[in-house]
Amino acid sequence: MDAPIAANVLGTIGALISQIIINYRRHNTEGLQGSMMLLWAVAGVPLGVYNIVEEFNKVSISECVTAVVPLLVVLGALEVALVFALQAAKRPGVLRHYWDIYIHRTVRGISFISVGIDAAGDLFSLISVLCEPRIDILGMVIYGIELALWLGIFACGGIFNFMPWVLKLSQKRDLNELEQVSIHPMSSSTSVFRTVSSSDWVTRRVAAAAALPLQS
């Protein structure tokens, strides 16, 4: 029976099925020792050699190296970049503010006046670099990135602080206008139109009768 895919899948399941069952029953991975994972990774070396020698994958060594080495380089560079980025975010600086904004969904503990001063400093520094006889590309990149980050703080303040404040103020104004609305009293209780009530009619007839002797 020639089914290499089935053989690989069944072999992987056979190596992991016991640990999968244990983790499922306990609903956690406690007791999964790092040494076991290390031995499992080391066991992959002779397994890879066996697969190559037996030509299970029909791929040459040069092709494997060409595919694996760039992948390892990219993954390693990505890990290093993430480590430095997160360490920089935890230190005082503009990136720390972005982390705080991401966690709390608001701009807090920062003065927008200070942000404006820092942004203006980066802007003038960028302009000064452009005025030099020899343009410093690295300086332009650094000042440009810092300026963009500070402007991003302003944008986050507008989104998470200013817009909710305006919306809250508008809702409060609308509520006050609704509270000030009152129903004007009507002369007639039987119609929405203004009609002469019986009391008004009687008052007018009495006034007319009192005025008749004066006219004679």
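Everything numeric in this text was worked out from a predicted model, so none of it was measured.

Attention now goes to the overall build of the chain. In terms of helices and strands, the chain carries 7 helices and 0 strands. In the chain, the order of α-helices and β-strands from amino to carboxyl end is α-α-α-α-α-α-α. Counting every position in the chain, which comprises 216 residues, the buried fraction comes to 11%. For the chain, restricting intrachain contacts to residue pairs at least 6 apart in sequence, the fraction spanning at least 24 positions comes to 55%. Put simply, the chain shows about 17,900 Å² of open surface, and 69% of that area lies on carbon and sulfur atoms.

Glancing now at the UniProt feature "transmembrane region" (unreviewed entry) in the chain. In the numbering adopted here, UniProt assigns the feature "transmembrane region" (unreviewed entry) to residues 6-24, 36-53, 65-86, 107-127 and 147-167. The distance from the first to the last C-alpha atom of residues 65-86 is 31 Å, and the span holds 100% helix and 0% strand. For residues 107-127, the end-to-end C-alpha separation is 28 Å, with 76% helix and 0% strand making up the annotated structure.

The next subject is the packing of aromatic side chains. Here the structure, examined in full by the defined rule, presents 2 aromatic pairs. Pairing Phe-112 with Phe-154 gives two aromatic rings, centres 5.8 Å apart and planes at 35°, and the pair type is tilted. Placement of Phe-112 in helix α5 (residues 112-130) and of Phe-154 in helix α6 (residues 137-180) is noted, with a sequence separation of 42 residues between them. Owing to a relative accessible area of 32%, Phe-112 belongs among the partly exposed residues under this scheme. Taken together, a centroid distance of 6.0 Å and an interplanar angle of 35° make the contact between Phe-162 and Trp-165 tilted. Of the two residues, Phe-162 and Trp-165 both sit in helix α6, 3 residues apart, roughly one turn of that helix. A relative accessible area of 51% places Trp-165 in the exposed class.

Thresholds, definitions, all that
- Residues numbered from 1 in each chain as written.
- Predicted model: local features only at pLDDT ≥ 70, side-chain atom pairs only at ≥ 80, totals over all residues.
- Heavy atoms only, no water.
- Helix = DSSP H or I, 4+ residues; strand = E, 2+ residues; numbered from the N terminus.
- Buried < 20%, exposed > 50% of the residue type's maximum accessible area, 1.4 Å probe, protein only.
- Contact = heavy atoms within 4.5 Å.
- Areas by Shrake-Rupley, 256 points an atom, 1.4 Å probe, with all protein chains shown as cover.
- UniProt positions renumbered as here; feature names shortened; annotations may be inferred.
- Phe/Tyr/Trp six-rings, centres within 6.5 Å; stacked < 30°, edge-to-face > 60°.

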